[in-house]
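Residue strings, one per chain:
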Amino acid sequence: MADTIPFRRIAVLGTGLIGGSFALAVRKSFLGVTVVGFDRPETAAKALARGAVTETANDLATAVRSANLVYIALPIAATIEALPAIAAAAAPNALVTDAGSTKSVICRAAQQHFKTGARFLGGHPMAGKEHSGIDHANAELFREAPYAIIATESEAAADPRIKSFADLVSLIGGKPVYTDADTHDWAVGIVSHLPQLVAVALARVVQDERDQDETDQDETEETGLPVSLAGQGLRDTLRLAGSPYNVWRDVLLTNTDNISRALDRLAQAIDYLRTQLSSKEIEQEFRTANDLYKLLRQPKSS
């Protein structure tokens, strides 16, 4: 439990997986912090019952008013739609930050409304699960996960609100990474959005290749080949395929160019592998893949 509370009153707008996990992490780390939850009544009630929030608000303005930190964990389109009301209700000294998976569109919209008073700070925790909702929220969700902060370190040094939020991220286990919005969207297009679509594409291939008529044995009646021969490797590879479209819709709509470029790059890599299937040159591709895997498995530096 930390002694210093950088923000004493926090409004969490959207108490699903990300907002609920953030609230749980903050309450676990800081004794005496007030966390106000705003969401659909049934979702906010669940967040209160789970102890993620200390109180709930029936309307956005009530939730935001008097908060030192406003944490927006809504879908991208809903975040953009709510920005004018949040800017109007936020206290002049407040920090308003979001957790959207793309940043350029949100940050451009925020610039139109946060010109004086409250400071808007784009953010994106690189954490999540294939299942959404407050029922799956976890105080440890952000631990060891990169957390993009759309600012420079010099901006953080000049504005104590940004520095305090970066410190908060660190205290709940996250790894702050300072970047700009456009660079963020390019990077996550490769390391987050592309893997999701790869899982979707692979699932389509496996599904289309299923032998629906394989019913000779009970265990193959529902799955058919080749699924009845699938092992842990396919299950691990397709974990992201369990993520629902409604979580990704706004991401695809707001990062289309970067995702399209990433898909083009993947298609080039696949085409090259196809030409090298009978060549020893493909060994180098395995070595490159092995090296990246080892790099990603290394413990994160503090």
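Refer to the structure presented above.
Our subject in this report is the structure included herewith. This structure is a prediction, so every number in the text was calculated from the model and none was measured.

**Focus: the environment of P160**
Right, so step 1: On the secondary structure map, P160 appears in helix 7 (residues 160–171).
Right, so step 2: A C-alpha to C-alpha distance of 25 Å links P160 and T62, two positions 98 residues apart in sequence.

**So, the side chain of S243**
Right, so step 1: Summarising the element assignment, S243 is placed in the loop between helix 10 (232–237) and helix 11 (245–254).
Right, so step 2: Taking the relative accessible area as the measure of exposure, S243 reaches 15% and is therefore buried.
Right, so step 3: Within polar-contact distance, the side chain of S243 engages the side chain of W248 at 2.8 Å.
Right, so step 4: Filtering out sequence-adjacent residues up to four positions away, S243 remains in contact with E130, Q196 and W248.

**Section: the pairing of strand 8 (residues 146–150)**
Right, so step 1: Buried residues dominate strand 8, accounting for four of its five residues.
Right, so step 2: Strand direction decides the pairing type here: strand 7 (residues 123–125) and strand 8, joined by three bridges, are antiparallel. Within strand 8, the residue paired with H124 across the bridge is A148.
Right, so step 3: Note that strand 8 and strand 9 (residues 175–179) share five bridges and pair parallel. When the bridges of strand 9 are listed, A148 appears paired with V177.

**Some details on helix 12 (residues 256–275)**
Right, so step 1: Relative to the 28 Å expected for 20 residues at 1.5 Å per residue, helix 12 spans 29 Å between its end C-alpha atoms, a close match to the ideal helical length.
Right, so step 2: Here helix 12 has its buried residues at N258, I259 and A262. The buried residues of helix 12 occupy an angular sector of 95 degrees when the element is viewed end-on, so they sit on one face. Among the exposed residues of helix 12, those oriented more than 90 degrees off its buried face are D257, R274 and T275.
Right, so step 3: Here the buried face of helix 12 lies against helix 8 (181–208) and helix 11.

**Considerations on the packing of helix 8 against helix 12**
Right, so step 1: Taken N-terminus to C-terminus, the directions of helix 8 and helix 12 make an angle of 60 degrees; their axes are 9 Å apart at the nearest point. Remark: the crossing between helix 8 and helix 12 carries right-handed chirality. Where helix 8 abuts helix 12, its residues D185, W186, G189, I190, H193, L194, L197 and V198 lie against N258, I259, A262, L263 and L266.
Right, so step 2: Along the lines of polarity and charge, the residues of the contact of helix 8 with helix 12 split into nine nonpolar, three polar and one charged.

**Considering the pattern of salt bridges**
Right, so step 1: For the structure on display, the rule yields 16 salt bridges.
Right, so step 2: Here D271 makes a salt bridge to R274, at a shortest N to O gap of 2.7 Å. In this pair, D271 and R274 both sit in helix 12, three residues apart, roughly one turn of the helix.
Right, so step 3: Since its relative accessible area comes to 39%, D271 is described here as partly exposed.
Right, so step 4: Residue R274 is classed as exposed on the basis of its relative accessible area, which comes to 52%.
Right, so step 5: One salt bridge in this structure joins E283 and K280, with 2.6 Å as the shortest N-O distance.
Right, so step 6: Taking relative accessible area as the criterion, K280 reaches 65% and is therefore assigned exposed.

**With respect to the packing of aromatic side chains**
Right, so step 1: Here the structure, examined in full by the defined rule, presents five aromatic pairs.
Right, so step 2: Summarising the aromatic geometry, the rings of F22 and Y71 are spaced 3.7 Å apart at their centres and angled 5 degrees between planes, so their arrangement reads as stacked. Note that F22 is positioned in helix 1 (residues 17–29) and Y71 in strand 4 (residues 69–72), a separation of 49 residues in sequence.
Right, so step 3: Judged by relative accessible area, which is 1%, F22 ranks as buried.
Right, so step 4: For Y71, a relative accessible area of 0% gives the class buried.
Right, so step 5: With a centroid separation of 5.6 Å and an interplanar angle of 40 degrees, the aromatic rings of F114 and F120 are classed as tilted. The exposure classification of F114 matches that of F120, with both residues buried.
Right, so step 6: Members of the aromatic cluster, joined through ring pairs, are F22, Y71, F142, Y147 and F165.

About the criteria used
- Residues numbered from 1 in each chain as written.
- Predicted model: local features only at pLDDT ≥ 70, side-chain atom pairs only at ≥ 80, totals over all residues.
- Heavy atoms only, no water.
- Helix = DSSP H or I, 4+ residues; strand = E, 2+ residues; numbered from the N terminus.
- Buried < 20%, exposed > 50% of the residue type's maximum accessible area, 1.4 Å probe, protein only.
- Polar contact = N/O pair within 3.5 Å; in protein donor to acceptor, adjacent residues only side chain to side chain.
- Contact = heavy atoms within 4.5 Å.
- Pairing = 2+ DSSP bridges.
- Expected span 1.5 Å × (residues − 1).
- Arc of directions from axis to C-beta.
- Axes fitted to C-alpha atoms, helices over the stretch in contact; angles between N-to-C directions.
- Left-handed = near helix turned anticlockwise from the far one by under 90°.
- Nonpolar A, V, L, I, M, F, W, Y, C, P; charged D, E, K, R; others polar.
- Salt bridge = Lys/Arg side-chain N within 4 Å of Asp/Glu carboxyl O.
- Phe/Tyr/Trp six-rings, centres within 6.5 Å; stacked < 30°, edge-to-face > 60°.

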